[in-house]
Amino acid sequence: MAERDDDDNNTRRGSRRAAGRVRRAFVRDKGGERNEAVTEDNWEQLLDEHGHSRRRRMLVSEMLQELGGAGAADEDDDDEERTAAIVMAVMSARCRVFDRGEERDCIVPPHIAMRRKSALAVGDRVRIAQDGESWRVESVLPRRSVLARPDPFHKHLQRLIAANIDVVVNVVSVKAPPLRPRLIDRVLIAIQRGGAQPVICVNKVDLLDEAVRAAEMEKLDRYEALGVPVIACSTKTGEGIDALRAAVEGKLTALVGHSGVGKSSILNALDERLQLVTNTLHRRGTGRHTTTRSTLYDFGGGTYLIDTPGIREFGLWDLDRESLRDYFPELAEASESCRFTDVHEPDCEVKRRVEAGDLDRARYETYVRLFEEFR
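Residues numbered from 1 in each chain as written. Predicted model: local features only at pLDDT ≥ 70, side-chain atom pairs only at ≥ 80, totals over all residues. Heavy atoms only, no water.

Digging into the sheet that holds strand 1 (residues 85-91)
- The 5 strands lie next to each other as 1-2-3-5-4, forming a closed barrel whose pairing is mixed. In this sheet, adjacent strand axes meet at a mean angle of 50° when their direction is disregarded.
- In the sheet, strand 2 (residues 94-99) pairs with strand 3 (residues 102-107) via 6 bridges, with the strands oriented antiparallel. Across the sheet, Phe 98 pairs through a bridge with Glu 103, a residue of strand 3. (Pairing = 2+ DSSP bridges. Helix = DSSP H or I, 4+ residues; strand = E, 2+ residues; numbered from the N terminus. Axes fitted to C-alpha atoms, helices over the stretch in contact; angles between N-to-C directions.)

Okay, structure coming up:
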């Protein structure tokens with residue numbers, strides 16, 4: 001037994017030495033001469049391969065367009081998705097699905113139920129089969145997009161909010177509860193990472209006079225500059241409801257937002273037949289959790305909307321400092337003039353432009369706060 005342990009240790013040491021030689025060779029080659037001369041035609045490509053590119057990062061709208069093209073399924077996959085049932089709600093060991101015009105209660109097998117927060121989500125396309133008088137989920141089709149956040153009790157695990165969504169409408173309000181741009185930034189990153197199209201819906205605009213409304217809506221100009229549609233709505237007056245309906249028509253859409261912003265009220269305004277229960281705010285101005293679990297509603301014509309539980313905080317799943325920069329494209333050009341990636345760099349060009357008013361201070365402060373979180 002001792003001889004076998006020695007052999008294993010020698011093998012591991014040999015592997016580590018071999019890996020070290022490969023790394024050193026890679027470093028030498030990277031700093032060596034290139035066989036290819038630098039020309040007007042190839043300098044940008046060589047800069048990307050061997051140095052920091054000064055080309056700007058894509059806008060949110062461009063990133064989403066690229067994601068949509070890269071993730072396009074073939075015709076067979078489209079047919080399979082169209083004929084599969086769609087998950088409307090997930091309970092313990094059971095789920096409710098919409099299948100060829102009918103709603104069915106289905107048993108979720110143990111191998112799926114044990115991991116249901118990551119293995120099954122509202123919006124999933126599933127294959128179901130009849131088992132006697134009951135229906136059972138047989139398989140879950142591959143997802144084309146997700147909206148997820150870290151599990152609040154197990155930060156190393158993700159909790160899916162919805163799957164296969166085309167659009168995520170981030171419902172916010174500017175009064176009762178007040179606007180929270182940092183929460184918008186976090187949700188926006190999660191939407192981008194999941195592959196859906198973001199839309200910001202500003203509800204309860206009827207509660208503001210013209211001057212206050214203009215000042216509050218101006219805070220959202222930064223998102224429109226990134227290619228994110230911003231729709232002002234009021235479920236009392238009907239303002240913006242038609243525009244929102246057009247944005248979600250024919251799509252699978254999830255509504256997310258802080259508790260009390262009026263997601264259920266918006267769903268009722270989009271289709272008065274729903275008559276979802278809504279609640280007023282607590283006295284302290286925070287919302288009640290009227291919706292306790294994500295639920296999908298069929299609006300007809302291929303339009304589905306998912307009402308999700310209210311959130312007060314939104315953690316980000318599996319994100320690091322390096323990838324964080326990709327979700328703040330407006331900082332990219334200035335950051336290429338900086339010597340380091342650390343936000344505490346002296347003489348930082350990004351900071352200089354923020355101070356000069358050329359870059360949005362609130363977005364930069366969100367970036368700094370997230371940068372400090374990801375150590």
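Details of helix 11 (residues 263-270)
- In terms of burial, helix 11 is a largely internal element, 6 of the 8 residues being buried.
- In this structure, the buried side of helix 11 is in contact with strand 8 (167-173), strand 9 (197-203), helix 10 (241-248), strand 11 (252-256), strand 12 (295-300) and strand 13 (303-307). (Buried < 20%, exposed > 50% of the residue type's maximum accessible area, 1.4 Å probe, protein only. Contact = heavy atoms within 4.5 Å.)

Focus: empty space enclosed by the protein
- Applying the stated rule across the entire model yields 2 cavities of 30 Å³ or more.
- The computed volume of the largest cavity comes to approximately 90 Å³.
- Contributing to the lining of the largest cavity are 13 residues, with Val 172, Pro 178, Arg 180, Leu 183 and His 258 lying nearest its centre.
- Of all the secondary structure elements, the ones that give two or more residues to the lining of the largest cavity are strand 8 and helix 7 (181-194).
- For the lining of the largest cavity, the per-class residue count stands at 8 nonpolar, 4 polar and 1 charged.
- Space inside the second largest cavity adds up to approximately 30 Å³.
- Around the second largest cavity, the lining residues are Asn 170, Ile 184, Leu 188, Ile 191, Pro 198, Val 199, Ile 200 and Val 228.
- For the lining of the second largest cavity, the class distribution of residues is 7 nonpolar, 1 polar and no charged. (1 Å grid on protein atoms, 1.4 Å probe; cavity = no way out; pocket = protein on both sides within 12 Å on 5 of 7 lines; lining within 4 Å. Points joined across faces, edges and corners; volume = space filled by probe spheres on them. Nonpolar A, V, L, I, M, F, W, Y, C, P; charged D, E, K, R; others polar.)

Digging into the confidence of the model for the chain
- Across the chain, the average pLDDT comes to 77, with 69% of residues at 70 or higher.
- Low pLDDT, under 50, characterises residues 22-35; the predicted model gives this stretch 3 contacts beyond four residues in sequence or across chains.
- Confidence over residues 279-290 falls short of pLDDT 50; this stretch has 25 contacts with residues more than four positions distant or in other chains. (pLDDT = per-residue confidence, 0-100.)

Overview of the pairing of strand 11
- With respect to burial, strand 11 is a largely interior element, 5 of its 5 residues being buried.
- On strand 11, burial covers both faces: Leu 252, Ala 254 and Val 256 on one face and Thr 253 and Leu 255 on the other are all buried.
- Summarising the sheet, strand 8 and strand 11 pair through 4 bridges and their orientation is parallel. Its bridge partner being in strand 11, Val 169 is matched across the sheet by Leu 255.
- Relative to strand 13, strand 11 is paired through 4 bridges, and the arrangement is parallel. Pairing of Leu 255 across the sheet is with Asp 307, part of strand 13.

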